[in-house]
Amino acid sequence: MRLVILGGPGAGKGTQTEYLCSYLSIPCISTGEILREAIAAQTSLGVLAEPYVKIGELVRDETMIEFIRLRLMVPDVTNGWLLDGYPRTAFQAEELDFLVEEFGQKVDWAIYLDVADSVLMSRSLGRSRADDRPEIVKRRIQLFRDRTIPILEYYEHRQKLLTVNGDQPPEQIHQEIVKKLMGNS
Ligand code: AMP
């Protein structure tokens with residue numbers, strides 16, 4: 001199964017990604033995590049991404065698309081994957097479809113963890129990441145509303161959107177996602 005998980009900063013994407021990847025035995029690809037590691041190691045991707053991640057802005061589409069293209073060519077993804085943190089813009093969503101089409105594949109479902117902004121804010125501030133300072137979190141929520149919400153329409157239009165209430169205990173959210181995935185496959 002090829003899945004993407006969508007939700008604002010602090011929506012619980014990381015936790016649900018872990019549950020789902022182990023449940024479905026597929027690799028999870030978290031762009032935020034990979035970028036943070038690349039920045040720490042100062043790789044060429046890390047150096048390109050650092051100025052954006054530091055202030056909560058989106059890394060340029062061209063950089064991310066190239067990065068995902070390379071990542072989806074690694075053999076561990078032949079049986080499926082879950083993307084956490086990608087796509088972040090409608091352009092990235094479109095490019096992802098073109099890319100998987102090239103491989104003769106398709107994105108099966110986009111899972112959206114629906115969480116109110118006030119909850120996103122308080123959850124993000126409860127973490128201790130370098131990019132979780134209040135003004136940066138606010139900017140990331142705003143960017144999510146402006147740039148990522150249009151992706152929901154993109155997948156809705158293609159009848160690939162599964163919306164789940166993300167303001168529930170993690171285990172319950174997981175059960176709801178599994179039920180929806182199985183009910184629709
Ligand atoms: P995350 O952990 O998914 O919230 O990502 C942390 C930061 O990495 C974001 O605030 C962005 O600066 C950057 N980032 C992660 N994924 C993407 C993406 N698909 N496009 C652009 N920037 C991204």
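Since we're looking at a predicted model, the values are computed, not measured.

A. Summary view of unusual backbone geometry. The amide bond that connects Tyr-86 to the next residue, Pro-87, takes the cis arrangement and shows omega of 5 degrees. When you line up the elements, Pro-87 lands in the loop between strand E3 (81-84) and helix H5 (90-102). A positive phi is found at Ser-25, a non-glycine position, where the angle reads about 50 degrees. Residue placement: Ser-25 occurs in the loop between helix H1 (13-24) and strand E2 (28-30).

B. Here's a closer look at the pattern of salt bridges. Inspection of every chain in the model, using the stated rule, returns 13 salt bridges. One salt bridge in this structure joins Arg-140 and Asp-132, with 2.9 Å as the shortest N-O distance. Of the two residues, Arg-140 and Asp-132, both sit in the buried class. With a closest N to O distance of 3.4 Å, Glu-135 and Arg-133 form a salt bridge. A residue is classified by how much of its surface remains accessible, and Glu-135, at 48% relative accessible area, is partly exposed. Within this structure, Arg-127, Arg-129, Asp-131, Asp-132 and Arg-140 form a network of salt bridges that share partners.

C. Main features of the nonpolar core. Counting 32 residues, the largest nonpolar core has Val-4, Leu-6, Ile-68, Trp-81, Leu-83, Leu-96 and Tyr-155 as the members making the most contacts within it. Looking at this core, the elements with two or more residues in it are strand E1 (2-6), helix H2 (31-41), helix H3 (44-54), helix H4 (61-71), E3, H5, strand E4 (109-114) and helix H7 (134-157). A per-element tally of this core places H7 first, with 5 residues. The residues contacting Leu-96, other than those within four sequence positions of it, are Val-4, Ile-68, Leu-72, Trp-81, Leu-83, Tyr-86, Pro-87, Val-107 and Tyr-155. Leu-20, Val-164, Val-178 and Leu-181 belong to the second-largest nonpolar core, a separate cluster that totals 22 residues.

D. Here's a closer look at the environment of Thr-163. Examined against the element boundaries, Thr-163 turns out to sit in strand E5 (residues 161-165). The spatial distance from the C-alpha of Thr-163 to the C-alpha of Glu-57 is 25 Å, given a sequence separation of 106 residues. If near-sequence neighbours (up to four positions away) are discounted, Thr-163 is found in contact with Tyr-112, Asp-114 and Lys-180.

E. Focus on the site of the ligand. In the vicinity of the ligand lie 16 residues, with Thr-31, Arg-36, Glu-57, Val-59 and Gly-85 positioned nearest. Contact between the ligand and Glu-57: an oxygen atom at 2.6 Å from a main-chain N or O atom of the residue. A distance of 3.0 Å is found between a nitrogen atom of the ligand and a side-chain nitrogen or oxygen belonging to Gln-92. Calculation on the ligand without its partners gives an accessible area of 480 Å², and the protein chains cover 96% of this total.

F. Spatial organisation of the packing of H2 against H4. For the pair H2 and H4, interaxial distance at closest approach is 12 Å and the crossing angle is 100 degrees. By the angle between their directions, the pair H2 and H4 is classed as roughly perpendicular. Seen from H2, the contacting residues are Thr-31, Ile-34 and Leu-35; seen from H4, they are Met-64, Phe-67 and Ile-68. Of the residues in the contact of H2 with H4, the class split is 5 nonpolar, 1 polar and no charged.

G. Region of the structure containing the packing of aromatic side chains. Scanning all chains against the criterion turns up 1 aromatic pair. Judged by centre distance (5.3 Å) and plane angle (90 degrees), the rings of Tyr-154 and Tyr-155 are edge-to-face. Residue Tyr-154 is classed as buried on the basis of its relative accessible area, which comes to 12%. Note that Arg-158 overlies the ring of Tyr-154, its terminal NZ or CZ placed 3.6 Å from the centroid.

Definitions and limits used
Residues numbered from 1 in each chain as written. Predicted model: local features only at pLDDT ≥ 70, side-chain atom pairs only at ≥ 80, totals over all residues. Heavy atoms only, no water. Helix = DSSP H or I, 4+ residues; strand = E, 2+ residues; numbered from the N terminus. Salt bridge = Lys/Arg side-chain N within 4 Å of Asp/Glu carboxyl O. Buried < 20%, exposed > 50% of the residue type's maximum accessible area, 1.4 Å probe, protein only. Core = buried A, V, L, I, M, F, W, Y, C linked by side-chain atoms within 4.5 Å. Contact = heavy atoms within 4.5 Å. Near = heavy atom within 4 Å. Polar contact = N/O pair within 3.5 Å; in protein donor to acceptor, adjacent residues only side chain to side chain. Areas by Shrake-Rupley, 256 points an atom, 1.4 Å probe, with all protein chains shown as cover. Axes fitted to C-alpha atoms, helices over the stretch in contact; angles between N-to-C directions. Parallel < 35°, antiparallel > 145°, perpendicular 65-115°, else oblique. Nonpolar A, V, L, I, M, F, W, Y, C, P; charged D, E, K, R; others polar. Phe/Tyr/Trp six-rings, centres within 6.5 Å; stacked < 30°, edge-to-face > 60°. Lys NZ or Arg CZ within 6 Å of the ring centre and 35° of its normal.

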